[in-house]
Amino acid sequence: MSNRLRAFAPCPRGLESCLGDELTAAGAAEIRVRPGGVAFTGDWPVLMRVHLTSRIATRVLVAVGGGALPHGKRRGEEGAALYRLARTVAWPKWVSPDARLRVDLTVTRAACTDAIPFLTLRVKDAICDALRAQCGRRPSVDKHDPTFRVVVFLDERGRPSIGIRAGRRLCSAGSSQQRRWRRSKRTWLLGFCR
(Lines give C-alpha, C1' and ligand atoms only; values in the text may rest on other atoms or scores of the structure.)
Protein backbone atom coordinates (compact mmCIF):
# COMPACT_ATOMS: atom_id res chain seq x y z
CA MET A 1 0.00 0.00 0.00
CA SER A 2 1.38 3.42 -0.88
CA ASN A 3 0.95 6.38 1.44
CA ARG A 4 -0.41 4.29 4.31
CA LEU A 5 -2.37 6.18 6.98
CA ARG A 6 -3.24 5.11 10.52
CA ALA A 7 -6.96 5.47 11.19
CA PHE A 8 -9.62 4.67 13.76
CA ALA A 9 -13.28 3.94 13.08
CA PRO A 10 -15.48 4.39 16.16
CA CYS A 11 -18.67 2.36 16.42
CA PRO A 12 -21.33 1.43 18.98
CA ARG A 13 -20.00 -0.87 21.69
CA GLY A 14 -20.49 -4.53 20.93
CA LEU A 15 -20.20 -4.12 17.16
CA GLU A 16 -16.41 -3.87 16.99
CA SER A 17 -15.82 -7.35 15.51
CA CYS A 18 -18.50 -6.79 12.84
CA LEU A 19 -16.83 -3.48 11.96
CA GLY A 20 -13.50 -5.32 11.71
CA ASP A 21 -15.07 -7.62 9.11
CA GLU A 22 -16.36 -4.59 7.16
CA LEU A 23 -12.92 -2.99 7.21
CA THR A 24 -11.31 -6.22 5.99
CA ALA A 25 -13.77 -6.32 3.08
CA ALA A 26 -12.92 -2.66 2.26
CA GLY A 27 -9.21 -3.53 2.01
CA ALA A 28 -7.97 -2.18 5.36
CA ALA A 29 -4.82 -3.69 6.89
CA GLU A 30 -3.42 -4.09 10.42
CA ILE A 31 -6.92 -4.25 11.92
CA ARG A 32 -7.00 -4.04 15.72
CA VAL A 33 -10.33 -4.27 17.50
CA ARG A 34 -10.54 -1.88 20.47
CA PRO A 35 -13.38 -1.09 22.86
CA GLY A 36 -15.63 1.33 20.99
CA GLY A 37 -14.04 0.97 17.56
CA VAL A 38 -11.38 -0.48 15.30
CA ALA A 39 -7.89 0.83 14.51
CA PHE A 40 -6.54 0.09 11.03
CA THR A 41 -4.21 1.28 8.30
CA GLY A 42 -4.95 2.04 4.67
CA ASP A 43 -4.40 4.53 1.89
CA TRP A 44 -6.93 7.19 0.84
CA PRO A 45 -8.86 4.87 -1.53
CA VAL A 46 -9.36 2.42 1.37
CA LEU A 47 -10.62 5.25 3.61
CA MET A 48 -13.05 6.33 0.90
CA ARG A 49 -14.32 2.75 0.50
CA VAL A 50 -14.84 2.54 4.26
CA HIS A 51 -16.85 5.78 4.17
CA LEU A 52 -18.97 4.57 1.29
CA THR A 53 -19.58 0.99 2.40
CA SER A 54 -19.48 0.85 6.19
CA ARG A 55 -22.85 0.69 7.89
CA ILE A 56 -21.37 0.35 11.38
CA ALA A 57 -18.60 2.98 11.64
CA THR A 58 -19.85 6.33 12.90
CA ARG A 59 -16.88 8.15 11.34
CA VAL A 60 -13.30 7.55 10.24
CA LEU A 61 -10.53 9.43 12.04
CA VAL A 62 -7.06 9.70 10.53
CA ALA A 63 -4.33 9.80 13.18
CA VAL A 64 -1.98 12.76 12.75
CA GLY A 65 -0.21 12.65 16.11
CA GLY A 66 -0.01 11.11 19.52
CA GLY A 67 2.26 10.38 22.40
CA ALA A 68 2.34 10.28 26.17
CA LEU A 69 1.57 13.00 28.68
CA PRO A 70 3.21 13.15 32.08
CA HIS A 71 0.83 12.92 35.01
CA GLY A 72 1.39 16.34 36.53
CA LYS A 73 0.54 17.17 40.08
CA ARG A 74 -0.30 20.77 39.24
CA ARG A 75 -3.36 21.62 37.18
CA GLY A 76 -1.57 23.36 34.30
CA GLU A 77 1.02 20.67 33.59
CA GLU A 78 -1.25 18.43 31.48
CA GLY A 79 -2.39 21.42 29.43
CA ALA A 80 1.19 22.53 28.77
CA ALA A 81 2.24 19.00 27.80
CA LEU A 82 -0.75 18.60 25.47
CA TYR A 83 0.05 21.98 23.90
CA ARG A 84 3.66 20.89 23.23
CA LEU A 85 2.45 17.59 21.77
CA ALA A 86 -0.07 19.31 19.48
CA ARG A 87 2.63 21.70 18.25
CA THR A 88 4.64 18.72 16.93
CA VAL A 89 2.01 17.99 14.25
CA ALA A 90 2.67 19.45 10.77
CA TRP A 91 -0.65 21.33 10.72
CA PRO A 92 -0.12 23.17 7.39
CA LYS A 93 -0.12 19.72 5.72
CA TRP A 94 -3.67 19.15 6.98
CA VAL A 95 -5.37 22.53 7.40
CA SER A 96 -5.32 25.95 5.78
CA PRO A 97 -5.32 29.19 7.77
CA ASP A 98 -8.55 29.98 5.89
CA ALA A 99 -10.34 27.09 7.61
CA ARG A 100 -12.95 27.38 10.34
CA LEU A 101 -11.61 25.20 13.15
CA ARG A 102 -13.27 23.13 15.85
CA VAL A 103 -11.51 20.96 18.44
CA ASP A 104 -13.32 18.13 20.25
CA LEU A 105 -11.69 16.39 23.21
CA THR A 106 -12.77 13.10 24.79
CA VAL A 107 -11.32 11.90 28.08
CA THR A 108 -11.81 8.42 29.51
CA ARG A 109 -10.08 8.90 32.82
CA ALA A 110 -12.01 10.60 35.60
CA ALA A 111 -8.96 12.44 36.98
CA CYS A 112 -9.10 15.26 34.43
CA THR A 113 -12.72 15.43 33.32
CA ASP A 114 -13.10 18.82 35.00
CA ALA A 115 -10.29 20.16 32.78
CA ILE A 116 -11.81 19.21 29.40
CA PRO A 117 -12.58 22.82 28.33
CA PHE A 118 -9.08 23.93 29.35
CA LEU A 119 -7.35 21.04 27.54
CA THR A 120 -9.47 21.64 24.43
CA LEU A 121 -8.45 25.29 24.45
CA ARG A 122 -4.77 24.34 24.74
CA VAL A 123 -5.00 22.13 21.62
CA LYS A 124 -6.76 24.91 19.73
CA ASP A 125 -4.05 27.37 20.84
CA ALA A 126 -1.30 25.00 19.65
CA ILE A 127 -2.89 24.60 16.21
CA CYS A 128 -3.45 28.34 15.79
CA ASP A 129 0.06 29.21 17.04
CA ALA A 130 1.65 26.63 14.72
CA LEU A 131 -0.23 27.94 11.68
CA ARG A 132 0.54 31.55 12.59
CA ALA A 133 4.25 30.71 12.92
CA GLN A 134 4.40 28.74 9.64
CA CYS A 135 1.83 30.53 7.47
CA GLY A 136 1.67 34.02 8.94
CA ARG A 137 -1.99 33.77 9.96
CA ARG A 138 -4.31 31.55 11.92
CA PRO A 139 -7.68 29.89 11.28
CA SER A 140 -10.86 31.19 12.85
CA VAL A 141 -12.81 29.10 15.36
CA ASP A 142 -16.36 28.03 14.54
CA LYS A 143 -18.08 25.55 16.85
CA HIS A 144 -21.28 25.33 14.79
CA ASP A 145 -20.15 25.09 11.16
CA PRO A 146 -16.45 24.14 11.05
CA THR A 147 -14.67 23.24 7.84
CA PHE A 148 -11.91 21.41 9.77
CA ARG A 149 -12.38 19.31 12.90
CA VAL A 150 -9.70 17.98 15.18
CA VAL A 151 -10.56 15.17 17.57
CA VAL A 152 -8.34 14.53 20.58
CA PHE A 153 -8.82 11.36 22.60
CA LEU A 154 -7.15 10.90 25.99
CA ASP A 155 -7.25 7.28 27.11
CA GLU A 156 -7.35 6.02 30.68
CA ARG A 157 -3.55 6.16 30.91
CA GLY A 158 -3.38 9.74 29.67
CA ARG A 159 -2.07 8.89 26.20
CA PRO A 160 -3.48 11.33 23.67
CA SER A 161 -4.35 10.53 20.09
CA ILE A 162 -4.87 13.50 17.80
CA GLY A 163 -6.80 13.01 14.63
CA ILE A 164 -8.40 14.95 11.96
CA ARG A 165 -11.87 14.74 11.17
CA ALA A 166 -10.41 17.57 9.71
CA GLY A 167 -5.86 12.35 19.89
CA ARG A 168 -5.00 14.07 16.81
CA ARG A 169 -7.20 12.06 14.61
CA LEU A 170 -8.56 13.52 11.39
CA CYS A 171 -12.03 12.73 10.23
CA SER A 172 -11.54 12.14 6.59
CA ALA A 173 -15.09 13.04 5.60
CA GLY A 174 -16.43 15.65 7.97
CA SER A 175 -19.55 14.78 9.95
CA SER A 176 -20.53 11.38 11.28
CA GLN A 177 -21.67 8.69 8.85
CA GLN A 178 -25.38 8.78 9.71
CA ARG A 179 -25.57 12.57 9.22
CA ARG A 180 -23.55 12.71 6.04
CA TRP A 181 -26.37 11.76 3.70
CA ARG A 182 -28.63 14.51 5.05
CA ARG A 183 -26.20 17.25 4.15
CA SER A 184 -25.80 18.87 0.76
CA LYS A 185 -23.74 17.17 -1.93
CA ARG A 186 -21.25 20.03 -1.82
CA THR A 187 -20.47 19.53 1.89
CA TRP A 188 -20.20 15.76 1.44
CA LEU A 189 -17.76 16.04 -1.47
CA LEU A 190 -15.64 18.66 0.29
CA GLY A 191 -15.10 16.18 3.11
CA PHE A 192 -13.10 13.94 0.78
CA CYS A 193 -11.04 16.84 -0.57
CA ARG A 194 -9.62 17.96 2.79
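Residues numbered from 1 in each chain as written. Predicted model: local features only at pLDDT ≥ 70, side-chain atom pairs only at ≥ 80, totals over all residues. Heavy atoms only, no water.

Student: So what's going on with the pairing of strand 2 (residues 29-34)? Residues and values would help.
Tutor: Working note: regular strand, side chains alternate between the two faces of the sheet. Examined bridge by bridge, strand 2 and strand 3 (residues 37-42) share four bridges and lie antiparallel to one another. Counterpart to Ala-29 in the pairing with strand 3 is Thr-41. The antiparallel pairing of strand 2 with strand 3 creates a hairpin that spans two residues between the two strands, and Gly-36 there sits at a positive phi of about 85°. (Pairing = 2+ DSSP bridges. Helix = DSSP H or I, 4+ residues; strand = E, 2+ residues; numbered from the N terminus.)

Student: An account of the pairing of strand 7 (residues 148-154) is requested, with residue identities and associated values reported.
Tutor: Taken across its seven residues, strand 7 has six buried, putting it largely inside the fold. Where strand 5 (residues 100-107) lies against strand 7, seven bridges are found, and the strand directions are parallel. Residue Asp-104 lies in a different strand from strand 7, and its bridge partner there is Val-151. (Buried < 20%, exposed > 50% of the residue type's maximum accessible area, 1.4 Å probe, protein only.)

Student: Summarise the environment of Ala-63; cite the residues concerned and give the values.
Tutor: Note on placement: Ala-63 falls in strand 4 (residues 61-66). For the pair Ala-63 and Phe-8, spaced 55 residues apart in sequence, the C-alpha to C-alpha distance is 7.4 Å.

Student: I'd like to hear about helix 5 (residues 116-135), residue by residue, with values.
Tutor: Under the 1.5 Å per step criterion, the end-to-end length of helix 5 is 28 Å for 20 residues, consistent within 8% with the ideal 28 Å. Of all the residues in helix 5, the buried ones are Leu-119, Thr-120, Val-123, Lys-124, Asp-125, Ala-126, Ile-127, Cys-128, Ala-130 and Leu-131. Gly-136 sits one or two residues past helix 5 and shows a positive phi near 85°. (Expected span 1.5 Å × (residues − 1).)

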